[in-house]
Amino acid sequence: MFDTLARGFRQARNRLAGLTELTESNIDSALREVRLSLLEADVEMGVTKAFLARVKEKAIGQTHTNRVKHAGEAHAVSASDIFIKICNDELISLMTHEGELVKFSPGITGIMMVGLQGSGKTTSTAKLARWLEKQGKKPLLVAADMQRPAAVEQLKVLGGQIKMPVFNIPDGTPVQICAAAKDEAKKLGRDVILYDTAGRLAVDEELMQELADIKSKTAPDNIFLVIDAMIGQDSVKTARAFNEKLGISGVVLTKLDGDARGGAAISVKEATGAPILFSGVGETTDKFEEFRPEGMASRILGMGDVVGLMQDFEEVVDQKKAERDAERMLSGEFTLEDFLDHIRMIQKMGSLKDLVDKLPLGGMLPGGIPDNVNLDDKELVRIEAIIQSMTKFERKDPYALVREPKRVERISSGSGTKPEQVTELVQKFVFMRQMMGSLGQNMGMMGKIPGMKQMAMARNAKKMMAGGGMPGMG
Ligand code: GDP
């Protein structure tokens with residue numbers, strides 16, 4: 001994801017490699033790369049221009065600050081470091097949001113969900129309900145999308161899955177249904193109402209009027225627009241239209257697990273004034289996150305969402321053990337036993353693709369994440385079976401399998417796999433261990449650039465690795 005953007009920023013950095021000073025002409029040549037990739041990623045023209053102008057202005061201002069003081073010592077910072085840091089800050093400011101994600105009212109809070117058909121509105125309504133429940137709220141889901149035949153049923157199914165009540169009046173109009181929902185919420189003792197309204201395939205007058213009527217009847221505290229991140233510039237047009245008619249308070253950006261190019265994420269706040277508050281990262285109701293501009297910026301820059309990964313890990317990892325493991329792992333000492341622990345943890349955490357997307361490896365390994373690293377979740381189960389069929393000795397010293405092929409046969413029949421699969425696992429494990437080692441070295445080098453975000457990222461990444469981001473790579 002965001003490959004185009006990441007490539008653009010990488011090329012810009014290359015243009016500045018080895019330079020110590022940012023001048024108008026070298027900034028321009030770096031910005032040309034960035035400009036191309038922004039447009040290719042479907043960032044709106046106006047937003048692109050404004051972004052480039054701000055980066056340029058700040059970069060020129062920084063020309064003479066190519067040495068920074070850190071812990072009493074002066075360190076050289078290269079022009080490309082400064083440039084990337086400025087880009088990072090500007091990306092964050094394009095997406096940042098201050099204040100509460102959801103505005104709660106003292107009585108019953110209303111959240112109106114709007115968006116085009118297929119944007120992920122109904123799914124996001126259920127996801128948001130789950131999020132709200134974690135905040136101690138008791139949501140009521142209102143099925144008011146009478147436009148799409150299956151939408152009511154879909155919300156009922158989702159409501160059943162997350163064990164939350166769903167309100168609907170079979171013959172009612174959307175306005176009637178929404179208007180009656182408050183009484184239902186009172187009756188059931190629910191304190192947040194989520195209105196899943198109808199979408200259309202495109203913005204049209206009738207849809208907008210229906211939504212405006214629902215708004216005036218229910219006076220919701222929040223109006224969230226759901227946008228599909230895979231739709232580029234059009235999503236910004238949609239957002240503008242909804243905002244003009246309804247005044248949206250925030251955006252839920254869905255399908256960030258797919259082939260999103262990043263255009264919508266970068267453009268939408270600048271275009272509407274409404275910030276992205278949440279992101280959808282998968283089809284199931286647990287694939288929902290608070291939107292983090294810092295994480296998104298570092299992913300766009302190709303640095304990986306280290307912070308996001310840290311949060312995922314915090315839920316399942318014992319920090320101390322994590323740090324100890326990290327030290328070992330990054331120095332290339334990592335056994336199959338650790339590997340197994342980490343695979344089990346990854347299974348608790350969700351899909352490997354989600355995880356790897358967030359890793360900073362793409363930017364650090366010269367060729368990006370190698371294509372031959374298989375990330376099939378099903379393979380995890382097989383890997384676990386194989387490792388469990390190994391003796392303690394073999395887990396500590398997987399080279400024993402290379403030295404004595406008889407062991408491979410025993411393990412493969414014990415785990416119900418083919419001998420080639422056992423050998424392949426050992427090869428991949430050894431490869432991964434080497435990769436960890438070189439990552440450790442790279443981080444050591446990065447740590448020499450003081451004051452830069454990368455330093456904190458490297459530290460975090462070290463901890464994160466301890467959580468086992470990589471070992472599950474089949
Ligand atoms: P609606 O018409 O706007 O209510 O859209 P739905 O909620 O029915 O979603 C349309 C499709 O997008 C469904 O197949 C959902 O499973 C899928 N979807 C929704 N959100 C996400 C997401 O964050 N990631 C992925 N991969 N799929 C999503």
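Each value, and the rule that gives it
Residues numbered from 1 in each chain as written. Predicted model: local features only at pLDDT ≥ 70, side-chain atom pairs only at ≥ 80, totals over all residues. Heavy atoms only, no water. Phe/Tyr/Trp six-rings, centres within 6.5 Å; stacked < 30°, edge-to-face > 60°. Helix = DSSP H or I, 4+ residues; strand = E, 2+ residues; numbered from the N terminus. Buried < 20%, exposed > 50% of the residue type's maximum accessible area, 1.4 Å probe, protein only. Lys NZ or Arg CZ within 6 Å of the ring centre and 35° of its normal. Expected span 1.5 Å × (residues − 1). Bend = angle between axes of the 7 residues up to and from the residue. Contact = heavy atoms within 4.5 Å. Near = heavy atom within 4 Å. Polar contact = N/O pair within 3.5 Å; in protein donor to acceptor, adjacent residues only side chain to side chain. Areas by Shrake-Rupley, 256 points an atom, 1.4 Å probe, with all protein chains shown as cover. Nonpolar A, V, L, I, M, F, W, Y, C, P; charged D, E, K, R; others polar. Axes fitted to C-alpha atoms, helices over the stretch in contact; angles between N-to-C directions. Parallel < 35°, antiparallel > 145°, perpendicular 65-115°, else oblique. Core = buried A, V, L, I, M, F, W, Y, C linked by side-chain atoms within 4.5 Å.

Caption draft 1: Quick peek at the packing of aromatic side chains. In total, this model carries 3 aromatic pairs according to the counting rule given. Each ring, one from Phe224 and one from Phe278, has its centre 6.3 Å from the other, and the planes form 55 degrees; the classification is tilted. You can see Phe224 sitting in strand β7 (residues 222–228) and its partner Phe278 sitting in strand β9 (residues 276–280), a full 54 residues away along the chain. On the basis of relative accessible area, Phe224 is assigned to the buried category, the value being 1%. Pairing Phe278 with Phe288 gives two aromatic rings, centres 5.0 Å apart and planes at 15 degrees, and the pair type is stacked. One end of the pair, Phe278, is in strand β9; the other, Phe288, is in strand β10 (residues 288–290), and 10 residues separate them in sequence. Here Phe278 falls in the buried class, since its relative accessible area comes to 0%. For Phe288, a relative accessible area of 12% gives the class buried. Taken together, the ring pairs connect Trp131, Phe224, Phe278 and Phe288 into an aromatic cluster. When the ring centre of Phe104 is taken as origin, the NZ or CZ atom of Lys137, which lies over that ring, is 4.4 Å away.

Caption draft 2: Structural detail: helix α7 (residues 174–188). Between its first and last C-alpha, α7 extends 20 Å over 15 residues, near the 21 Å set by a 1.5 Å rise per residue. Where α7 bends most, the angle comes to about 35 degrees, and this point is Ala181. Buried within α7 are the following residues: Pro174, Ile177, Cys178, Ala181, Glu184 and Ala185. Against β4 (139–144), β5 (166–167), β6 (192–197) and α8 (205–218) lie the buried residues of α7. Just downstream of α7, Gly189 is the residue with a positive phi angle, here 70 degrees.

Caption draft 3: Highlighting the site of the ligand. Residues in contact with the ligand amount to 18 residues; listed here are only the nearest, Gly118, Lys121, Thr122, Thr123 and Asp257. Lys127 places a polar side-chain atom, nitrogen or oxygen, 3.3 Å from an oxygen atom of the ligand. Taken by itself the ligand offers 570 Å² of open surface, and the protein chains cover 81% of this. In terms of residues, the shell around the ligand owes the most to one element, helix α5 (residues 121–134), which gives 4 residues. Tallied by class, residues from the shell around the ligand come to 2 nonpolar, 10 polar and 6 charged.

Caption draft 4: Just the side chain of Glu184, in detail. Tracing the sequence through the fold places Glu184 in helix α7. For Glu184, the residues in contact, after removing those within four places along its chain, are Leu140 and Phe167.

Caption draft 5: Geometry of the packing of helix α1 (residues 3–15) against helix α2 (residues 24–40). α2 packs onto α1 with a crossing angle of 175 degrees between their chain directions and a minimal axis gap of 8 Å. Between α1 and α2, the crossing angle belongs to the class labelled roughly antiparallel. Where α1 abuts α2, its residues Thr4, Leu5, Gly8, Phe9, Gln11, Ala12 and Arg15 lie against Ser29, Ala30, Glu33, Val34, Ser37, Leu38 and Glu40. Of the residues contributing to the contact of α1 with α2, the split by class is 6 nonpolar, 5 polar and 3 charged.

Caption draft 6: Examining helix α10 (residues 263–272) more closely. With respect to burial, α10 is a largely interior element, 8 of its 10 residues being buried. Every buried residue belonging to α10 is among Gly263, Ala264, Ala265, Ile266, Ser267, Val268, Ala271 and Thr272, and all of these are buried.

Caption draft 7: Local environment of the nonpolar core. Ranked by size, the top nonpolar core spans 71 residues in total, and within it Phe51, Phe83 and Phe242 carry the most contacts. Sort the elements by how many residues they give to this core and helix α4 (residues 79–95) lands first, with 10 residues. When neighbours within four sequence positions are excluded, Phe83 is seen to be in contact with Ala12, Leu16, Leu22, Ala30, Leu31, Val34 and Val55. In terms of nonpolar packing, the next biggest core, distinct from the first, is built from 24 residues, Trp131, Leu141, Leu155 and Met164 among them.

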